[in-house]
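Letter by letter, the chains look like this.
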Amino acid sequence: LETLPRPEARRVITIANQKGGVGKTTTAVNLAAALAAHGLSVLVIDLDPQGNASTALGIDHRSGVASSYELLIGEVDMSEAIHQSPHNENLYCVPATIDLAGAEIELVSMVAREGRLKNAIDHTALNQHNIDYVLIDCPPSLGLLTVNALVAAREVLLPIQCEYYALEGVGQLLRNIELVQAHLNPSLHVSTILLTMYDGRTKLAGQVADEVRNHFGAVVLKTIIPRSVKVSEAPGYGLTVLEYDPASRGAMSYLDAGKEIAERGAATVKVRER
Ligand code: ADP
Ligand code: MG
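Here's what I pulled together on the structure shown here. All figures in this text were calculated on a predicted structure; none of them were measured in a lab.

## Re the pairing of strand β8 (residues 220-226)
Here comes step 1: Note that strand β7 (residues 189-198) and β8 share three bridges and pair parallel. Within β8, the position partnered with Tyr-198 by the bridge is Pro-226.
Here comes step 2: This β-α-β element, β7 to helix α10 (residues 203-216) to β8, shows right-handed connectivity.

## Structural notes on unusual backbone geometry
Here comes step 1: Backbone geometry places Tyr-165, a non-glycine residue, at a positive phi of 60°.
Here comes step 2: Counting through the fold element by element, Tyr-165 comes out in the loop between β6 (155-161) and α9 (170-183).
Here comes step 3: Phi at Met-197 takes a positive value of approximately 55°, unusual for a residue other than glycine.
Here comes step 4: Along the chain, Met-197 falls in strand β7.

## Re the nonpolar core
Here comes step 1: By size, the foremost hydrophobic cluster in this structure holds 84 residues, and its most contacted members are Ala-32, Val-44 and Leu-135.
Here comes step 2: Residue contributions to this core peak at nine residues, all from helix α1 (residues 24-37).
Here comes step 3: If near-sequence neighbours (up to four positions away) are discounted, Ala-32 is found in contact with Val-42, Val-44, Leu-91 and Leu-135.

## Quick word on the pairing of β6
Here comes step 1: Taken across its seven residues, β6 has seven buried, putting it largely inside the fold.
Here comes step 2: Residues Glu-155, Leu-157, Pro-159 and Gln-161 of β6 are buried on one face, and the alternating residues Val-156, Leu-158 and Ile-160, pointing to the opposite face, are buried as well.
Here comes step 3: Inspection of the sheet shows strand β1 (residues 11-15) paired to β6 by three bridges, in the parallel sense. By the bridge assignment, Ile-13 is partnered in β6 with Glu-155.
Here comes step 4: Where β6 and β7 come together, seven bridges link them in parallel fashion. The residue of β7 that forms the bridge with Glu-155 is His-189.
Here comes step 5: This β-α-β element, β6 to α9 to β7, shows right-handed connectivity.

## So, the environment of Ala-205
Here comes step 1: Relative to the helices and strands, Ala-205 is located in helix α10.
Here comes step 2: Sequence separation between Ala-205 and Leu-195 is ten residues, and the spatial gap between their C-alpha atoms is 9.6 Å.
Here comes step 3: Once residues lying within four places of it in the same chain are set aside, the contact partners of Ala-205 are Cys-162, Tyr-198, Asp-199 and Gly-200.

## Examining the site of ligand 1
Here comes step 1: Taken together, 17 residues lie around ligand 1, and Lys-24, Thr-25, Thr-26, Val-231 and Ser-232 are the ones closest in.
Here comes step 2: The set of elements that each furnish at least two residues to the shell around ligand 1 consists of α1, β7 and α11 (229-233).
Here comes step 3: Of all the elements, α1 adds the most residues to the shell around ligand 1, at three residues.
Here comes step 4: Residues of the shell around ligand 1, tallied by class, amount to five nonpolar, ten polar and two charged.

## Focus on α10
Here comes step 1: Over its 14 residues, α10 runs 20 Å from end to end, which matches the ideal 20 Å to within 8%, given 1.5 Å per residue.
Here comes step 2: Those residues of α10 that fall on the buried side of the exposure criterion are Ala-205, Val-208 and Val-212. In a view along the axis of α10, the buried residues occupy a sector of 65°, so they form one face of it. Across from the buried face of α10, at angles greater than 90 degrees, the exposed residues are Lys-203, Gln-207, Asp-210 and Asn-214.
Here comes step 3: The inward-facing, buried residues of α10 contact β6, β7 and β8.
Here comes step 4: Gly-217 sits one or two residues past α10 and shows a positive phi near 65°.

## Observations regarding the environment of Leu-71
Here comes step 1: Structurally, Leu-71 is set in helix α3 (residues 68-73).
Here comes step 2: Classification of Leu-71 by C-beta neighbours within 10 Å gives buried; the count is 26.
Here comes step 3: Separated by eleven residues in the primary sequence, Leu-71 and Ile-82 have C-alpha atoms spaced 9.8 Å apart.

## Considering the sheet that holds strand β5 (residues 133-137)
Here comes step 1: One open sheet holds the eight strands; their spatial order is β3-β4-β2-β5-β1-β6-β7-β8, and the pairing between them is mixed. Of all strands in the sheet, those with a lone pairing partner are β3 (83-84) and β8, marking the two edges.
Here comes step 2: Sitting on the sheet, α10 touches β6, β7 and β8, and the angle it makes with β7 is about 170°.

## Topic: α9
Think of an α-helix as 3.6 residues a turn; residues three or four steps apart then line up on the same face.
Here comes step 1: An ideal rise of 1.5 Å per residue puts 20 Å on 14 residues; α9 measures up with 20 Å between its terminal C-alpha atoms.
Here comes step 2: When we look at burial in α9, the residues that qualify are Val-170, Ile-177 and Val-180. The arc that holds every buried residue of α9, seen down its axis, measures 80°, which confines them to one face. Opposite the buried face of α9, by more than 90 degrees, sit the exposed residues Gly-171, Gln-172, Arg-175, Glu-178, Leu-179, Ala-182 and His-183.
Here comes step 3: Contacts made by the buried residues of α9 are with α8 (144-152), β6 and β7.

Analysis parameters
- Along each chain, residues carry numbers from 1 onward, in the same order as the chain's sequence is written.
- The order in which chains are written sets their letters, starting at A; the order in which ligands are written sets their numbers, starting at 1.
- Local features in this predicted model are restricted to residues of pLDDT 70 or higher, and side-chain atom pairs are both shown and tallied only at a pLDDT of 80 or more, whereas totals for entire chains, interfaces and linings draw on every residue.
- Any two strands are treated as partners once DSSP identifies two or more bridges connecting them.
- For the purposes of this entry, the term helix denotes a DSSP run of H or I that reaches at least four residues, the term strand denotes a run of E that reaches at least two, and both are numbered from the N terminus.
- A clockwise course of the path from the first strand over the helix to the second, judged with the strands pointing away from the viewer, identifies a crossover as right-handed.
- The term nonpolar core refers to a group of buried residues, namely Ala, Val, Leu, Ile, Met, Phe, Trp, Tyr and Cys, whose C-beta atoms join them within 7 Å.
- Exposed residues have 12 or fewer other C-beta atoms within 10 Å of their own C-beta, buried residues have 20 or more, and residues in between are partly exposed; the C-beta atoms are placed from the backbone.
- Two residues qualify as a contact pair if the distance between their C-beta atoms, derived from the backbone, is within 7 Å.
- We call a residue near a molecule or strand when its C-beta atom, built from the backbone, sits within 6 Å of it.
- Gly is placed with the polar residues, together with every amino acid not listed as nonpolar (Ala, Val, Leu, Ile, Met, Phe, Trp, Tyr, Cys and Pro) or charged (Asp, Glu, Lys and Arg).
- Residue count minus one, scaled by 1.5 Å, sets the expected span of a helix.
- The directions considered for the arc are those from the helix axis to the C-beta atoms.
- Each axis is a line fitted through C-alpha atoms, and for a helix only the stretch in contact is used; angles between axes span 0 to 180 degrees, taken between their N-to-C directions.

Structure, rendered in structure tokens:
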């Protein structure tokens with residue numbers, strides 16, 4: 001695989017959509033593995049108490065492991081919460097344990113409750129590991145965990161499932177992003193929309209893809225992630241699809257998505273510099 005250009009500054013991308021089951025976690029882990037396979041260093045921060053991203057990356061996330069929960073409440077710092085993938089030396093994870101389920105409520109009474117993840121990310125541990133990309137996997141809600149993810153990032157990646165009601169809830173998410181942008185994080189923007197679980201045999205999937213492209217334009221990646229059994233099987237083995245079946249269509253499509261995101265990011269930086 002070709003080595004992709006490292007971004008000039010570390011890119012922090014929050015993967016959000018308050019609808020469950022649209023492919024947030026699948027995208028977080030497989031996109032991370034794809035960027036890592038292209039020679040970049042990537043950290044996945046699991047912010048869903050379910051810990052599915054941690055599972056898929058093969059990272060222990062039993063209660064007691066230094067995780068995103070301890071990081072948010074300030075019990076550990078990034079150097080303790082960061083774990084290296086057993087399968088790829090370029091890939092790291094801050095896992096989520098079930099303790100995170102209580103954080104949404106515990107955070108309410110804490111100082112700087114919306115900025116706690118951002119503060120945790122601004123840590124030398126990320127420089128020591130040369131982290132190029134931070135991908136944050138959000139829970140399916142718009143609560144304080146997701147707000148922390150939106151404050152910590154510059155970019156939002158919005159996965160949209162090629163299904164009925166694909167755009168349900170997207171308007172609400174975009175309004176929340178605008179609120180965070182106005183009050184907490186002026187540089188936040190939706191940089192990437194990724195169409196997921198595309199089933200080429202159905203007319204509907206094509207219609208949804210067209211509708212999303214008409215509505216959102218160039219922010220939608222050219223690469224579409226197909227519905228593929230390999231993609232859904234991989235996490236059961238504690239693997240990303242790139243490790244589970246590197247030649248599969250699912251693996252190839254995430255490699256393409258990673259390349260597109262990396263090259264597009266570099267282009268954006270150039271445009272701004274002129
Ligand atoms: P979310 O994190 O948004 O809730 P997930 O990434 O967990 O969504 O995906 C929901 C379900 O769909 C999971 O069982 C996952 O394995 C499956 N899935 C996701 N993407 C694909 C795909 N491209 N092909 C087949 N199954 C997929
Ligand atoms: Mg998820």
